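# Breakdown of the fold
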Amino acid sequence: MKAITLDRTQDSKLLLTDLQSRALLPGEVRVQIKAAALNHRDEWCRKGLYPNIQDGIVLGSDGAGIVAEIGEGVDDEWLQKEVIINPALNWGENQKVQSASFEILGMPRNGTLAESVVVPVDRLHDKPTHMTWEEAAALPLAGLTAFRALSYQGDIQQGENILVTGFGGGVAQFAVQFGLALGAKVSTSSSSPEKLEKAKSLGVDYTFDYKDDNWILKALEITSGFDVIIDSAVGDTLNHLTQVVKPGGKIIFYGATLGNPSKLEARRIFWNQIKIIGTTMGSDLDFENMLSLVCEKKIHPIIDHVFKFEEAEKAFDRMRDGKQMGKIVLVP
Ligand SMILES: NC(=O)c1ccc[n+]([C@@H]2O[C@H](COP(=O)([O-])OP(=O)(O)OC[C@H]3O[C@@H](n4cnc5c(N)ncnc54)[C@H](OP(=O)(O)O)[C@@H]3O)[C@@H](O)[C@H]2O)c1
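Residues numbered from 1 in each chain as written. Predicted model: local features only at pLDDT ≥ 70, side-chain atom pairs only at ≥ 80, totals over all residues.

## A closer look at the overall build of the protein chain
Quick reminder of the rule: Secondary structure elements follow DSSP: runs of H or I no shorter than four residues count as helices, runs of E no shorter than two count as strands, and numbering proceeds from the N terminus. We compute the radius of gyration from the C-alpha atoms alone; for a globule the expected value is 2.2 Å times N to the 0.38, where N is the number of residues. In this scheme the burial state of a residue depends on its C-beta neighbours within 10 Å: 20 or more other such atoms mean buried, 12 or fewer mean exposed, and anything in between means partly exposed; the C-beta positions come from the backbone. A pair of residues counts as a contact when their C-beta atoms, built from backbone coordinates, are separated by no more than 7 Å.
For the protein chain, the count of helices and strands is 10 helices and 17 strands. Against the 2.2 N^0.38 benchmark of 20 Å for 332 residues, the protein chain shows a C-alpha radius of gyration of 20 Å, consistent with a compact globule. Expressed as a percentage of its 332 residues, the buried residues of the protein chain come to 44%. Considering only contacts in the protein chain between residues 6 or more positions apart, those separated by 24 or more positions represent 69%.

## Brief notes about the sheet that holds strand 12 (residues 207-209)
In sheet architecture, strand pairing relies on hydrogen bonds along the backbone and comes in two forms, parallel and antiparallel. Cut-off, in case you're wondering: We treat two strands as partners when DSSP finds at least two bridges between them. Every axis corresponds to a line fitted to the C-alpha atoms, with the helix fit spanning only the stretch in contact, and the corresponding angles, defined between N-to-C directions, vary from 0 to 180 degrees.
One open sheet accounts for six strands, arranged 12-11-10-13-14-15; its pairing is parallel. Among the strands making up the open sheet, the edge pair consists of strand 12 and strand 15 (275-278). Averaged over all pairs of adjacent strands, the angle between their axes in this sheet comes to 20 degrees, without regard to strand direction. Examined bridge by bridge, strand 11 (residues 185-190) and strand 12 share three bridges and lie parallel to one another. Residue pairing across strands places Thr188 opposite Thr207, the latter belonging to strand 12.

## A look at the domain arrangement of the protein chain
To keep it simple, the criterion reads: Note that domain bounds follow an automatic or database assignment of domains. Note on residue classes: Ala, Val, Leu, Ile, Met, Phe, Trp, Tyr, Cys and Pro are nonpolar, Asp, Glu, Lys and Arg are charged, and everything else, Gly too, is polar.
By the assigned domains, the protein chain splits into domain 1 (2-139 + 301-331) and domain 2 (143-278). A C-alpha centroid distance of 28 Å is found between domain 1 and domain 2. Across the contact, nine residues belong to domain 1 and eight residues belong to domain 2. Of the residues that constitute the side of domain 1 that touches domain 2, the class distribution is four nonpolar, four polar and one charged.

## Things to note about the site of the ligand
In plain terms, the rule: We call a residue near a molecule or strand when its C-beta atom, built from the backbone, sits within 6 Å of it.
Taken together, 30 residues sit near the ligand, with Gly166, Gly168, Gly169, Ser190 and Gly255 positioned nearest. Sorting the residues of the shell around the ligand by element identifies helix 1 (40-46), helix 3 (140-153) and helix 4 (170-181) as the ones contributing at least two each. Of the residues that constitute the shell around the ligand, the class distribution is 11 nonpolar, 17 polar and two charged. For the shell around the ligand, the two domains that each supply at least three residues are domain 1 (2-139 + 301-331) and domain 2 (143-278).

## Re the nonpolar core
Nonpolar side chains in soluble globular proteins tend to be buried together. Stated precisely, the cut-off is as follows: Linking buried Ala, Val, Leu, Ile, Met, Phe, Trp, Tyr and Cys residues through C-beta atoms within 7 Å yields a set, and such a set is a nonpolar core.
Ranked by internal contacts, the top residues of the largest apolar core, which has 85 residues, are Ala137, Ala146, Ile162, Val164, Ala175, Ile229 and Ile230. When residues in this core are grouped by element, the largest group, seven residues, is from helix 3. If you count residues domain by domain, this core takes at least three from each of domain 1 (2-139 + 301-331) and domain 2 (143-278). In contact with Ile162, not counting residues within four places along its chain, are Ile156, Gly179, Ala184, Val186, Phe226, Asp227, Val228 and Ile230.

Shown next as structure tokens:
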């Protein structure tokens, strides 16, 4: 089968290759991939900045397709079903945190950037019928992360003021769409005026350019602060966020694209009773609840561009350069 593996001997660090697909173990299924999508995690793997990196592994956490083969003990009803795959493996029973054996599909286990992928049957869910294959593939990892951040960690309520930073990000776009669907008043920031125009068309209240030194003052003037902020940049921008969150509010972060803050205004945090909360992907229950919301509100993921597997380097470079407006999808 055709597959895109990590190969750090290549200039692009990627290799489109022909792999032998392995036999199924009991409880596993083979999904014929119709579409797969990139996450920033795939780019971190390409850069060698992810734990347990191994060359030769098929990248990709997100995928949607048709069940082509079932292993021993799997119900026949799964055969030929149209499915999406939950890429979070072994979360465990504790809703608060994942187990020590938690794993994400696509490193160190072979992922979705291939003509087929093998996963345990309990990772499968019916493909939302209102979505195309490309939209369905774009949903799982970023949708799950955004949903847990807002719903489990943020516990956002109707009418609350929320800010999602960096609207161009895959997770951020879901956070904006889910926040609106849950009845919050959503604002967002971006470095790109075009991306902010797109956000306005979805119904966000206010937009800010996070590169403008005055955005904090503007945000405070217009909104009088946010109840919940969802962020993945961190770095020294964390000190900006502690200024625009309301006293008693929450800053929830799921990544640290800008690294650690060089300093922290600790007094502002404790005096204002600000909660800074880390979050990562989500439990099986979060995934089910996310799917229910998406299906009930008929939410469509925003697709930036669909590439063929042969164009993988172009697709990865687009993500690396932050040029995308929506999810980058790859089809075999
Ligand atoms: N913990 C988890 O479970 C989890 C899950 C998914 C992702 N992540 C992490 O979260 C981060 C984002 O992932 P992604 O897949 O959504 O990435 P992505 O689609 O590549 O998005 C990155 C976005 O970050 C925004 N950004 C850059 N600098 C910023 C700043 N100073 N302030 C605010 N936003 C800024 C940009 O938004 P604009 O283009 O609008 O300027 C950019 O488009 C990555 O570090 C990723 O590894 C973690």
